[in-house]
Every structure is written in C-alpha cells, then in structure tokens.
Amino acid sequence: SFDINYRARLWPPQEARQTLAPLLQEVAILLCTLEDARMLLEGEPDAAGAALALAERFRVRTAVVTDGGLCAAVADGRPLAQEGFTVEAVDRIGAGDAFAAGVLQGWLAGSMERGLACGMAAAALKHTFHGDVAMITPRDVEDLIAGRSRWR
C-alpha cells in the first residue's frame, strides 16, 4: 500500500509526478486525498472519477480517494464508496493515518468494502482526540459502524 500524502512545501508537483509515477506502478493499494489525486492527474475529477483514473493510469488493483466525509474507490475494477460518520470533532490531525490503518485492517479482515467502512470510522474517531494519535480499539470502530458508538 502507498499513501501519497503530498506536501507542496517539500517538492513541486511536476517533480512529485515524475518521481511517484514509476513507484505507483508497483502498488496494490493506492490511498490519497482528492487534492493529491488532482495533482497526480493534472485535472479536476471528483473522488469517484479520480479513483478510476488513478487505477487506470497507474495500473493499481485498488485506488482509494478521500474527499472530506466521503471516500471513493476502485477495487479490482469495481467502483465503491463509503460516507463518513458524524462525530463531535476536536482535532483533525492524524485522521488520514487513521483512515489508512482502518482501510488496511478492514481489507485484511475480508474485503475492500469492509476496509472503506473501517477507514472512515477510524478517521472519524480520530477526530474525537487531541493530537495525532488515534486512541481507539477495533471494538470502537465496530461500534461506530454499527451505530452504537458513544462518539455519535
């Protein structure tokens, strides 16, 4: 898996695209924000369009694109989407890493659909903590997905 996590202060878009393109050809699961996808694609697609374009351009099996409270993916040629979960947010720092961890955990547990749900739940739960560490358990993620969370 590879999370783009592009930082414009570190390198210009053209250099990032040139450097990342050959690396992405080796990736099974590509994760990125819509903003990062637009940088890579040099266009203005929506999340679903970006996921499809990334999967096709870089020949990755799964491309996942986040856009705030929504994530879209193309997994093995199938379009997927997952809406976010509503929580009382106190800090958004670290939510991307929590999302990536949730996606991978859910995917390893069974499917990319599960991965997207776990990713969005983990990211939402991270918003409920100050700092960049998500102090959550798999049970917390499951409870939020099932609608029985104390964070709602």
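Structure: above.
The rules behind these values
- Residues numbered from 1 in each chain as written.
- Predicted model: local features only at pLDDT ≥ 70, side-chain atom pairs only at ≥ 80, totals over all residues.
- Heavy atoms only, no water.
- Buried < 20%, exposed > 50% of the residue type's maximum accessible area, 1.4 Å probe, protein only.
- Helix = DSSP H or I, 4+ residues; strand = E, 2+ residues; numbered from the N terminus.
- Pairing = 2+ DSSP bridges.
- Contact = heavy atoms within 4.5 Å.
- Axes fitted to C-alpha atoms, helices over the stretch in contact; angles between N-to-C directions.
- Salt bridge = Lys/Arg side-chain N within 4 Å of Asp/Glu carboxyl O.
- Parallel < 35°, antiparallel > 145°, perpendicular 65-115°, else oblique.
- Nonpolar A, V, L, I, M, F, W, Y, C, P; charged D, E, K, R; others polar.
- Left-handed = near helix turned anticlockwise from the far one by under 90°.
- Right-handed = clockwise from strand over helix to strand, strands pointing away.

### Section: helix 2 (residues 34-41)
Counting buried residues in helix 2 gives six out of eight residues, a clear majority hidden from the surface. Within two residues after helix 2, E42 carries a phi angle of roughly 55 degrees, on the positive side.

### Section: the sheet that holds strand 1 (residues 2-3)
One open sheet holds the five strands; their spatial order is 1-2-3-4-5, and the pairing between them is mixed. Edge positions in the sheet fall to strand 1 and strand 5 (78-83), since each of these pairs with one other strand and no more. Bridge count between strand 4 (residues 70-75) and strand 5: six bridges; the pairing is antiparallel. In the sheet register, A72 faces strand 5, and the bridge partner there is A81. Against the sheet, helix 4 (residues 95-109) engages strand 1, strand 2 (29-33), strand 3 (62-67) and strand 4, with an angle of about 150 degrees to strand 2.

### Section: the pattern of salt bridges
In this structure the tally under the stated criterion is six salt bridges. R139 serves as the salt-bridge partner of D143, at 3.6 Å between the closest nitrogen and oxygen. On the criterion of helical spacing, the pair formed by D143 and R139 is a turn pair, its members being four residues apart in helix 6 (residues 138-146). The network of salt bridges with common partners includes R139, D143 and R148.

### Structural notes on the packing of helix 5 (residues 112-126) against helix 6
Relative to each other, helix 5 and helix 6 sit at 105 degrees, their axes nearing to 9 Å. The angle between the axes of helix 5 and helix 6 places the two elements in the roughly perpendicular class. Contact residues: helix 5 offers R114, A117, C118, A121, A122, A124 and L125, while helix 6 offers D140, V141, E142, L144 and I145. Split by residue class, the contact of helix 5 with helix 6 holds nine nonpolar, no polar and three charged.

### A short note on the packing of helix 2 against helix 3 (residues 47-58)
Look at helix 2 against helix 3: their axes get within 10 Å of each other, and the N-to-C directions meet at 45 degrees. Considered as vectors, helix 2 and helix 3 are oriented oblique to each other. Along this stretch, helix 2 crosses helix 3, giving a crossing that reads as left-handed. For the pair helix 2 and helix 3, the contacting residues are L34, A37, L40 and L41 in the first and A47, A50, A53, L54 and R57 in the second. For the contact of helix 2 with helix 3, a count of residues per class yields eight nonpolar, no polar and one charged.

### Points about the pairing of strand 4
Burial analysis of strand 4 places five of its six residues in the buried class, which makes it a mostly covered element. Relative to strand 4, strand 3 runs antiparallel, the two being bridged by six bridges. Along strand 4, the bridge assignment pairs T62 with A75. Linking strand 3 back to strand 4 in an antiparallel pair, the connection comprises two residues, with G68 at a positive phi of about 65 degrees.

### Digging into unusual backbone geometry
Positioned with a positive phi, N5 is a non-glycine residue whose angle comes to about 45 degrees. With respect to the helices, strands and loops of the structure, N5 is situated in the loop between strand 1 and helix 1 (13-24). By relative accessible area, N5 is classed as partly exposed at 39%.

### Some thoughts on the pairing of strand 2
Among the five residues in strand 2, four count as buried, and that is most of the element. Across two bridges, the pairing between strand 1 and strand 2 is parallel. Within strand 2, the position partnered with F2 by the bridge is L30. In terms of handedness, the path from strand 1 via helix 1 over to strand 2 forms a crossover that is right-handed. Pairing of strand 2 with strand 3, which is carried by five bridges, proceeds in the parallel orientation. Across the sheet, L30 pairs through a bridge with A63, a residue of strand 3.

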